[in-house]
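Report on the structure
Here are the chains, one letter per residue:
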Amino acid sequence: MILIVDSGATKADWIALDEKGNQLFFTQTLGLSPEVLTREVIEDRLANNFELSKNKENVTKLFFYGAGCGTDRMKTFLKDIFSDFFPKAKAVVKEDTYAAIYSTIKIGEQGIVCILGTGSNCSYYDGNQLFQKVTSLGYIPMDDGSGNFFGRKLIRDYYFNKIPQDLAIKFANEYNLDADVIKDNLYKQPNPNTYLATFARFMIENKEHPYCKGVIDKGFQQFINNYVMQFELATKVPVNFVGSIAFYLKDELISVLKRNDLVVGVIRQRPIEGLVEFHQNTL
């Protein structure tokens, strides 16, 4: 059995294939980002999934693409966990950027690939190698244009009284904005980046409001300025995206891309479908 996994900070999609590439099952766990989770939390998330626990002895290959897997230390950390949980499996761990690449770019072609989900990232793929100009320092100082970026902006503006009153009342009615609750989730609970990203739903649902429209536009422009434009070929190759923020704010994103003379490529909500096709073609 072959397991293919696309893990963001919020959730992980798991698809099992047999040796001929036929799909056996699909399941989900919470995200398995090694940068923000302990070994115990990751082990619990694996063990609490029925399909994974039932089939762990049958897995021979595991291809894991995950947020927070950009360093050798994080890859080794996850491989050690997977070797214990899937004792017969050979595990390959790569950062989630590769999932985005394999899902949006055909083999041998080049392009820029961006992730705009809970977090954000941007890389250039020349058809063979991956190049990054920006080393991510995580969700606090970076992640421009992401779910947690917009969530953080909403909370800050709410507490600094910078959200228009009509929208602020609506925001307070939909979320628990008590300071103690927010601080508990940010400083005491796991996955603070995921918690921040939950507020981005409000931005998406109210994207026609002038305040939200302005924040979205500025957030995407900031992402393009700081990430995409780092590459000299930025205006000459397609710029592809995966992630819920890119997908649900597709029209707004395309508008900003065109304003910057960028070529709009593929925009997918989840890379898992294209990722499975890639592995089926390379079995």
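Anything mentioned here points back to the structure above.
Remember, it's a predicted structure, so these values are computed and weren't measured experimentally.

This part covers unusual backbone geometry. Positive phi values are uncommon outside glycine, yet Asp143 reaches one of about 60°. Turning to its location among the elements, Asp143 is positioned in the loop between strand S8 (130-131) and helix H5 (147-159). Asp143 sits in the buried class, given a relative accessible area of 7%. Despite not being glycine, Asp261 shows a phi value in the positive range, around 60°. Along the chain, Asp261 falls in the loop between helix H12 (250-259) and strand S10 (263-268).

The subject of this paragraph is the pattern of salt bridges. The full count for this structure, using the stated rule, is eleven salt bridges. With its nearest N and O atoms 3.3 Å apart, the salt bridge here joins Arg270 to Asp13. Of this pair, Arg270 sits in the loop between S10 and helix H13 (272-281) while Asp13 sits in strand S2 (residues 11-17), and the two are 257 residues apart along the sequence. For Lys153, the salt bridge goes to Asp157, with nearest N and O atoms at 3.2 Å. Taken together, the positions of Lys153 and Asp157, both in helix H5 and four residues apart, correspond to about one turn of that helix. Relative accessible area serves as the criterion here: at 33%, Lys153 is assigned to the partly exposed category. Taking relative accessible area as the criterion, Asp157 reaches 7% and is therefore assigned buried.

Here we take up the sheet that holds strand S9 (residues 238-242). Read from one edge to the other, the open sheet built from five strands follows the order S8-S7-S6-S9-S10, with strand pairing classed as mixed. At either end of the open sheet lies a strand with only one pairing partner, and these are S8 and S10. Helix H10 (residues 210-226) contacts strand S6 (111-116), strand S7 (120-125) and S9 of the sheet and is inclined by roughly 135° relative to S6. In the packing of H12 onto the sheet, contacts are made with S6, S9 and S10, and the angle to S10 comes to roughly 160°.

Let us now look at the pairing of strand S1 (residues 2-7). The side chains of a regular strand alternate between both faces of the sheet. Among the six residues that make up S1, six are buried, leaving the element largely enclosed by the rest of the structure. The alternating pattern of S1 places Ile2, Ile4 and Asp6 on one face and Leu3, Val5 and Ser7 on the opposite face, and all of these are buried. Direction of pairing for S1 relative to S2: antiparallel, over a ladder of six bridges. Bridging from a neighbouring strand, Val5 pairs with Trp14 of S2. Counting the residues in the hairpin turn of S1 and S2 gives three residues.

Counting 47 residues, the largest nonpolar core has Ile112, Phe220, Val228 and Phe241 as its most contacted members. Examining the composition of this core, we find that seven residues originate from one element, H10, more than from any other. Setting aside residues up to four positions removed in sequence, Phe220 forms contacts with Leu116, Gly145, Phe150, Ile245, Leu249, Glu252, Leu253 and Val256.

Next up on the list: the sheet that holds strand S3 (residues 23-30). Neighbouring strands of a sheet are bound in pairs by backbone hydrogen bonds; such pairs are parallel or else antiparallel. Overall, mixed pairing links the five strands, which are arranged S3-S2-S1-S4-S5 in an open sheet. Two strands in the sheet have a free side with no partner beyond their single neighbour: S3 and strand S5 (90-95). Across the sheet, the mean angle from the axis of one strand to that of its neighbour is 15°, orientation sign disregarded. One ladder, built from six bridges, connects S1 with strand S4 (residues 61-66); its direction is parallel. For Ile4, the partnering residue across the bridge sits in S4 and is Phe63.

How each quantity is defined
- Residues numbered from 1 in each chain as written.
- Predicted model: local features only at pLDDT ≥ 70, side-chain atom pairs only at ≥ 80, totals over all residues.
- Heavy atoms only, no water.
- Helix = DSSP H or I, 4+ residues; strand = E, 2+ residues; numbered from the N terminus.
- Buried < 20%, exposed > 50% of the residue type's maximum accessible area, 1.4 Å probe, protein only.
- Salt bridge = Lys/Arg side-chain N within 4 Å of Asp/Glu carboxyl O.
- Pairing = 2+ DSSP bridges.
- Contact = heavy atoms within 4.5 Å.
- Axes fitted to C-alpha atoms, helices over the stretch in contact; angles between N-to-C directions.
- Core = buried A, V, L, I, M, F, W, Y, C linked by side-chain atoms within 4.5 Å.

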